Amino acid sequence: MTNTLFVLNGPNLNMLGLREPGIYGSTTLNDIRDMCLEKAASMGWTVDFRQSNHEGVLIDWIHEAREKSRGIIINPAAYTHTSVALQDAIRAVSLPVIEVHLSNIHARESFRHHSYVSPAALGVICGLNAKGYTVAIEALVEHLEKSQA
Ligand code: DQA
């Protein structure tokens, strides 16, 4: 199995840089992709970085990850708070998953405090902006390398 991680991004994250900059800052999704590729490469890994506005596409990609990656980092965006199907997909593939949010969802509106994804995740990172993605890559690679040693 190749040393590949899937990094999946949910709805509206293609709008980063333009979208509510007071909350999400000026970093674009392309900037985050570049940071992820660089971080993974520095650890000898590769990243397959994707974004979709469609729940079913994200579910198909989680299924695809079973064959093509060793773990998943996912920012499910608004589907975090609504999608039982995403939790079921994660449980179905039994890969380690780290859930990432740019903002601190617990410091925002109460409807963002609950995540359907977190119970199926290895870990959750929120509130560190784009840095959360590279922290997640480091943690997931270390977890995988330790479990295969
Ligand atoms: C988000 C937080 C979600 O509540 C929101 O719906 C998003 C982005 C984040 O990265 O902070 O779209 O996942």
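A few points on the structure.

1. Quick notes on the nonpolar core
Generally speaking, nonpolar side chains in soluble globular proteins are found buried as a group.
And step 1. Among the nonpolar cores identified, the biggest contains 25 residues, and L5, I32, V47, F49, I73, Y133 and I137 are the most heavily contacted of them.
And step 2. Mapped by element, the contributors of at least two residues to this core are β1 (4-9), α2 (29-42), β2 (46-51), β4 (97-101) and α5 (131-148).
And step 3. Of all the elements, α5 adds the most residues to this core, at six residues.
And step 4. When neighbours within four sequence positions are excluded, I32 is seen to be in contact with L16, T27, F49, L102, A130 and Y133.
And step 5. Counting residues in hydrophobic clusters, the runner-up holds 18 residues, among them I59, I74, L86 and I90.

2. Comments concerning the site of the ligand
And step 1. Neighbouring the ligand are the residues R19, Y24, N75, A77, A78, H81, H101, L102, S103, I105 and R112.
And step 2. Contacts to the ligand include H101, whose side-chain N or O atom sits 2.8 Å from an oxygen atom.
And step 3. A breakdown of the residues in the shell around the ligand according to their chemical character gives five nonpolar, four polar and two charged.

3. Some points on the pattern of salt bridges
And step 1. A complete count under the given rule lists eight salt bridges for this structure.
And step 2. Residues R33 and D34 are paired through a salt bridge, measuring 3.5 Å at the closest nitrogen-oxygen approach.
And step 3. You can call D34 partly exposed: its relative accessible area is 40%.
And step 4. A salt bridge links R50 to E64; its shortest N-O distance comes to 3.0 Å. Taken together, the residues span a long stretch of sequence, with R50 in strand β2 and E64 in helix α3 (residues 55-68) at a distance of 14 residues.
And step 5. Residue class for E64 comes out partly exposed when judged on its relative accessible area of 23%.
And step 6. A single salt-bridge network, built from bridges that share partners, covers D48, R50, E64 and K68.

Calculation rules
Residues numbered from 1 in each chain as written. Predicted model: local features only at pLDDT ≥ 70, side-chain atom pairs only at ≥ 80, totals over all residues. Heavy atoms only, no water. Core = buried A, V, L, I, M, F, W, Y, C linked by side-chain atoms within 4.5 Å. Buried < 20%, exposed > 50% of the residue type's maximum accessible area, 1.4 Å probe, protein only. Helix = DSSP H or I, 4+ residues; strand = E, 2+ residues; numbered from the N terminus. Contact = heavy atoms within 4.5 Å. Near = heavy atom within 4 Å. Polar contact = N/O pair within 3.5 Å; in protein donor to acceptor, adjacent residues only side chain to side chain. Nonpolar A, V, L, I, M, F, W, Y, C, P; charged D, E, K, R; others polar. Salt bridge = Lys/Arg side-chain N within 4 Å of Asp/Glu carboxyl O.

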